[in-house]
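Topology and contacts: notes
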Amino acid sequence: IVCNQLGGGKASQMAKDKSLSHMKLIPWAGVAARVFPPCDIASGTAYCFLPLPVQTKMPVHVNGYFELSSNRRDIWWGTDM
């Protein structure tokens, strides 16, 4: 099963904020899980259109417009650029 969401909550407010327009925020994400046959995974993978070497620690895969580190090997946390 795949579920996608565009906007919602504080993410939509931040994306529309004129003072943050230089960041070009797009509040979009999706999750995917195998329903049948059942798949018992302990941790899914994060994607930014292509797989990242990041485990989500959730039983689903997550895809979104993540800010990536300069080498595109990890999600940027604010200190590695």
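Since the structure is predicted, the reported quantities are computational estimates derived from the model, not experimental observations.

**Quick look at the packing of aromatic side chains**
Under the definition given, this model contains three aromatic pairs. With a centroid separation of 6.0 Å and an interplanar angle of 10°, the aromatic rings of tryptophan 28 and phenylalanine 49 are classed as stacked. Here phenylalanine 49 lies in the loop between strand S3 (45–47) and strand S4 (51–55) and tryptophan 28 lies in strand S2 (residues 28–32), a separation of 21 residues in the sequence. Each ring, one from phenylalanine 49 and one from tyrosine 65, has its centre 5.1 Å from the other, and the planes form 70°; the classification is edge-to-face. Within this pair, whereas phenylalanine 49 is found in the loop between S3 and S4, its partner tyrosine 65 is found in the segment after strand S5 (61–64), the two being separated by 16 residues in sequence. With a relative accessible area of 44%, tyrosine 65 lands in the partly exposed category. Connected via pairs of aromatic rings, a cluster forms that spans Trp28, Phe49 and Tyr65.

**Observations regarding the layout of surface pockets**
Once rolled over the atoms, a probe with the size of a water molecule shows which space is left empty. Approximately 340 Å³ is the volume found for the largest pocket. What lines the largest pocket is Ala11, Met14, Met23, Lys24, Leu25, Ile26, Pro27, Tyr65, Phe66, Glu67 and Trp76. Looking at the lining of the largest pocket residue by residue, the classes come out as nine nonpolar, no polar and two charged.

**Considerations on the environment of isoleucine 41**
With respect to the helices, strands and loops of the structure, isoleucine 41 is situated in the loop between S2 and S3. Separated by 19 residues in sequence, isoleucine 41 and valine 60 have C-alpha atoms that sit 8.1 Å apart.

**Here's the deal with the sheet that holds S3**
Think of a sheet as strands paired side by side through backbone hydrogen bonds, with each pair either parallel or antiparallel. Across the sheet, which stays open at both edges, the five strands sit in the order S1-S2-S5-S3-S4 with mixed pairing between neighbours. Strands with a single pairing partner mark the edges of an open sheet, and in this sheet they are strand S1 (2–6) and S4. With strand direction ignored, the average angle separating the axes of adjacent strands in the sheet is 20°. Taken together, the four bridges between S2 and S5 define a ladder with antiparallel strand orientation. Following the sheet pairing, valine 31 is matched in S5 by valine 62.

Procedures and definitions
Residues numbered from 1 in each chain as written. Predicted model: local features only at pLDDT ≥ 70, side-chain atom pairs only at ≥ 80, totals over all residues. Heavy atoms only, no water. Phe/Tyr/Trp six-rings, centres within 6.5 Å; stacked < 30°, edge-to-face > 60°. Helix = DSSP H or I, 4+ residues; strand = E, 2+ residues; numbered from the N terminus. Buried < 20%, exposed > 50% of the residue type's maximum accessible area, 1.4 Å probe, protein only. 1 Å grid on protein atoms, 1.4 Å probe; cavity = no way out; pocket = protein on both sides within 12 Å on 5 of 7 lines; lining within 4 Å. Points joined across faces, edges and corners; volume = space filled by probe spheres on them. Nonpolar A, V, L, I, M, F, W, Y, C, P; charged D, E, K, R; others polar. Pairing = 2+ DSSP bridges. Axes fitted to C-alpha atoms, helices over the stretch in contact; angles between N-to-C directions.

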